[in-house]
Amino acid sequence: MTSIAMQRRRATASRVWKQFRSSRQGMIGLGVLLLFVLMALAAPLLADARELNPVFARASGNPQWAPPSDFPPLGTDHIRRSVWAQFVWGSRVSLFVGLAATVLTILIGSVVGIVSGFVGGRVDAFMMRVTEWFLVIPFLPLAIVLASVLGRSVWNIIFVIGVTSWPSTARLVRAQVLTVKQRLFVDRARSLGASGSHIVGRHILPNVMGLILANATLAVPISILTETTLSFLGLGDPTAASWGKTLEEAFVNGAMVRNAWWYFLPAGLGILAVVLAFTLIGRTLEEIANPRLIRAR
Amino acid sequence: MGIHSLWSKLNGESILMRRLVVLMTVALAAALLAPIASAQEDGDLVTLRVGLTQDWDTLNPTAGFSVPSYEVWNLHYATLTDKAPDDFAPVPGLAESWETSDDGLTVTYTLREGLLWSDGEPLTADDVAWNINTARDQGWDNMISTVQNIEATVVDARTVQLVSSVPDPKLPTMDVYLVPRHIWEPIATDYDAATQYEGADADGVGSGPFVVSEFTQGQSVVMTANPNYWGWEGEEPPYDQIIFRLFDNPDAMVAAIQQGEVDAAHGFPASSWDALDAEENIEVLEGHQGGFDEIAINGGAAEGQPHPALLDVNVRAAIAHGIDRAAVIEDLWFGHAEPLETLSPSALRKWIPEISSDSQFSYDPDLANQMLDEGGYMDSDGDGVREMPDGSSPILIRHAVNTDGDLAGSIGDLMVGWMGEIGIGVTLESYDQDALFQVIIDGTYDTFYWGWVPFVDPDPMLSYFTAAEIGNFNDANWSDPRYDELYAEQNQELDPDRRVEIVHEMLTLFHDAAVYIPMYLGPDLQAYRTDTFEGWVKQPADIGPIMFSNSSPSYALVTPIGEGAGEGSVNWLLWGGIAAGVIIIVGAFLAMRSRSTEDERE
Amino acid sequence: MGSAITLVFVLVFNFFLFRVVQTDPIGSLFRGRNVPAETIANLRESFGLDEPLWTQFLLYLRETAQLNLGISYQTRQPVWDEIVTAIPATVALVGVSAVLSAVIGTIGGIVAAWRRNSWKDHSITSGTMVFYSMPDFWLGMILLVGFAVVLGWFPVGGISTAGSSATGLELLLDQLYHMFLPALTLTLAYLGEYTLVTRSSLLDVMGEDYLTVARAKGLRDKVVRNRHAVPNALLPVVTLTAINFGFVLSGAIAVEAVFSWPGLGKATADAIRGPDLPMLQGLFLLFSSAVIVFNLIADLTYSWLDPRVEQA
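Residues numbered from 1 in each chain as written. Chains lettered and ligands numbered in written order. Predicted model: local features only at pLDDT ≥ 70, side-chain atom pairs only at ≥ 80, totals over all residues.

**Student:** What is the right way to read the packing of helix 11 (residues 196-232) of chain A against helix 13 (residues 261-289) of chain A from this model?
**Tutor:** The axes of two packed helices give the description: the angle between them and the distance between them. Residues and elements named next belong to chain A. Relative to each other, helix 11 and helix 13 sit at 160°, their axes nearing to 8 Å. For the element pair helix 11 / helix 13, the angle class is roughly antiparallel. Crossing hand, helix 11 versus helix 13: left-handed. Contact residues: G210, L211, L213, A214, T217, L218, V220, P221, I224, L225 and T228 in helix 11; I271, V274, V275, F278, T279, I281, G282, L285, E286 and A289 in helix 13. For the contact of helix 11 with helix 13, the per-class residue count stands at 15 nonpolar, five polar and one charged. (Axes fitted to C-alpha atoms, helices over the stretch in contact; angles between N-to-C directions. Helix = DSSP H or I, 4+ residues; strand = E, 2+ residues; numbered from the N terminus. Parallel < 35°, antiparallel > 145°, perpendicular 65-115°, else oblique. Left-handed = near helix turned anticlockwise from the far one by under 90°. Contact = placed C-beta atoms within 7 Å. Nonpolar A, V, L, I, M, F, W, Y, C, P; charged D, E, K, R; others polar.)

In structure tokens, the structure reads:
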């Protein structure tokens, strides 16, 4: 890679950051997100993982169904586990699944989009047909059906979200690739006898990267919400305490009728905050990448 | 911009706008008027409403197995002998009397006079004999253990004689459900046709106090009083119908009985005990009838094999010592369950043997660790999970979670914790009860948590752990020749005391094999309103439940109190809710209008 | 034509997912029952399981065309019967919520766009975004605890009062009373999408020339908005509504579970616990078909509303 290209990219990055910094919604989103990432990383410092174990919780004399006032900071659940520990450790699972599933989504979507847009012709027609089919199939039932057939584990959830949510990314990337392709410099590079992979790597990828990243930030909320819903419906990994699983357990064990708000409020608020943060960041990035674009996520 | 104001302003001006408004109106109207499922019920009937949380499987008495289905059969099908509410002793049912021969092998029953099916057909000795002989010949699952050695012959229209080929301690009790021959005859000789028939739901013809008139799986069963039931003795039935209402959410059932939407509730969560107990017009009770839950360990007799370590009885015993059953009784049952050491085979306590204290599986993780250490199951690679003595395959077991059980999820979480303390890894796998049944038959599990509610005679429960039941009811996947020998012996032992001794020996042997770790004797937690119906009876006396018991005598005995019974109370909050909805809609319109005027001012 | 091909794709997908992944569809039909080997053999034959895959596929198409979607494991009833029973409750709940959210959301979007960057715009936009960002079932849980458990104003679940003998209008009112909280949940959850789409669509339209001309001609602000801007901006919203109707059928899965609302969503949630694969397969087919049909309706509506648009 030439140093000129590097410089240009560095310049772009600093320009984007400058614009981003001036957006209030973007900075709020980033701040909230950093807070949660920090919490996830520092989980072992914030809460003893053994508090997730009902046997340990009982042995250490935790009360049952205790409100936050009796067992700070967030009370206990039906089998004496600390809700705070579930919240802190749950952020790890939820964020990890959300990010990993997004990586998979973006990977599939980008590959399909780039190949489709760059190769064109019959390949393009075929791939876009398949993409349209996947767009039409309702996303949540498809995810449910796949997860039911595959079984309950973190990796299956990631896989399920990845293979069900790529089509919109694919379409977006393809459109961008087509625009880039039209631009003169690609033609020039091709006329100089460059190979396809060279063109993709040197010219197309750098130009669609920004869009892919903006799209990724908007795909994370969907991944996180999907993980939450799947876990709530009992398709989550039974041994990985995500926020969605906390909500499921609260629901199943009668937290609502007992008005044990401390059991189900924190996890939901956590999801809300992280989803909102990603949405704000994504919208900001989108506006920077395409100032004319003012749209829903 | 209320739709109305738009409409008048745009009159004749914009086709697009008019069409938009038309479209929205049509959509709204369609949505509001969309048919909501409606049950057809007559408003004037006196109804006993019972809430429950477990679904029916099928109402076919030859094939179903769920407790709610048994409850329906108890009401729909009268039996030859009834069971006394107090102690299950045989009392006259369809038969008004009987005589047992000196050798105990022959019993001659005399039917009541003028018995009729609910459709008016006569119910005769012919019906009885045909039922017993057909069930035996066809091998109907739910009847076979009672009738397998019995030959029934018709003496005259009101007399039927039963001859057992072997001594049978269960006689003279004859409690198989009798189906109407005039309806069942065409299908009864084809096993598939008979077991796949919809039973009480398809024909609605029975001989008990109430017969099925409407069944919606997953929702409700409606049973109407049968005017031809012998027990009314020619009088009018005390009330018109029973509605069994299934609640998916046990908490919703608790709210329903509090608000008087149901008169009685079966199987409410222990966590709601205090709330219901505090209600003035609600009585709560622990109904013990021998029901218990267990954690079963795969004994290895099925095709699918458990983890090899589980084939060692010492490992199984160590697992048993690692399970804190007192914690479950305290935290999940809030103290409303009782400790149990071996399985409970009957609704009567006398069949449960005393297990000596030194062989009890007390909660003792240190002892469990020591036992595993001594067996050579060490954690050789330091990952917190023990391996086989030769260092191979870490002891990672698959615990099956029954998604139909209220406590199963919590037990699964606890299982992970308990086993973690003794160096055994656990993965959780979820199945509903049907799927779990298949998994057990296939043997593709290591442990699971489930429960039983036994019958009165211990024989069926005991039979489940014989070699013959592997692949069917033997959910321990374990057998022992000595156990099978004792089983055959008690099956024909006519001396009641000697039979108890044999059963005790069997259950002690079963306990020591450590394939079945009983968690507790779990009562049915039931509640009933004291202001709608009265006269509930417990079966068995004092400790038993008032419904969902072995022969469910309460329903024919309770009577409505005054006017209150059976009225569904749609309270004033309904109108409050509607008012709130109207206010929101009107408010939205007004808000729009005020914004319109605001615009005009600008 | 495009819809038909998509439908075929869904069928193929459905077939492979369940028939190929699942190892023994017959064995699992009889879980927990003692069934003679002969019966199993007969069933294998009628399912065509001994035939090559493409024959199996043709058999599957034939059965599906006759609405024979198999037998539910959990209830042992035909899947189609189970689905038909559950449809009205979902259509009523989801229909009411979809219409309410479309109407309220659109109005909110119009207000936000017309007063862009005003406090109204900011509060509407951020408010709807918050509802849009929370798990819908969690919102339902909170509303349920607040209004049903703590205040006791509404029932905690179900579609009608248990054991009530009400009929006719009284029953309908009872059902509407039970519908209130789940409908409120779904309305709030769907609101955001309509608001944001209407807002951006209207902002686009407002930038167009003829509106500027109309405003320059001195037409009153409100007239310009109602007569020119809004109708044109609503076109994409109508499409969104129609498409959403297809999706919302499946959108209420977790919310129906929270409120024990006996519709398709709860049927799905119940089927998951099994897993009751025939039921899931049938529901999946229904949900997918609904989306395809409503996409078609969206296209047709669009061209009816705006005759300038030629049908593709």
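**Student:** What is the right way to look at unusual backbone geometry in this model?
**Tutor:** What you tend to see is this: most non-glycine residues have negative phi, and most peptide bonds are trans. That bond from L171 of chain B to P172 of chain B is cis: its omega, 5°, falls within 30 degrees of zero. In this fold, P172 of chain B is placed in the loop between strand 7 (159-164) and helix 6 (181-188). The peptide bond linking Q539 of chain B to P540 of chain B adopts the cis configuration, its omega dihedral lying at -5°. On the secondary structure map, P540 of chain B appears in the loop between strand 19 (533-534) and helix 19 (554-557). Phi at R80 of chain A is positive, roughly 70°, even though this residue is not glycine. As for its placement among the helices and strands, R80 of chain A is situated in the loop between helix 4 (54-59) and helix 5 (83-119). By the C-beta count within 10 Å, which is 24 here, R80 of chain A ends up buried. Residue F548 of chain B is not a glycine yet carries a positive backbone phi of 50°. (Buried ≥ 20, exposed ≤ 12 C-beta atoms within 10 Å, placed from the backbone.)

**Student:** Can you walk me through the environment of W478 of chain B in this structure?
**Tutor:** All names here are of chain B. Position of W478 among the secondary structure elements: in the loop between helix 16 (459-463) and helix 17 (481-491). Linking W478 and P306, residues 172 residues apart in sequence, is a C-alpha distance of 12 Å. Excluding anything up to four places from it in sequence, W478 contacts G299, A301, F465, A513 and V515.

**Student:** Hey, could you run me through helix 18 (residues 496-512) of chain B in this one?
**Tutor:** Along an α-helix, residues three or four apart share an orientation, since each turn contains 3.6 residues. Residue and element names in this part refer to chain B. An ideal rise of 1.5 Å per residue puts 24 Å on 17 residues; helix 18 measures up with 25 Å between its terminal C-alpha atoms. In this structure, the buried side of helix 18 is in contact with helix 16, helix 17 and strand 17 (516-521). Residue A514 follows helix 18 closely and has a positive phi angle near 55°. (Expected span 1.5 Å × (residues − 1).)

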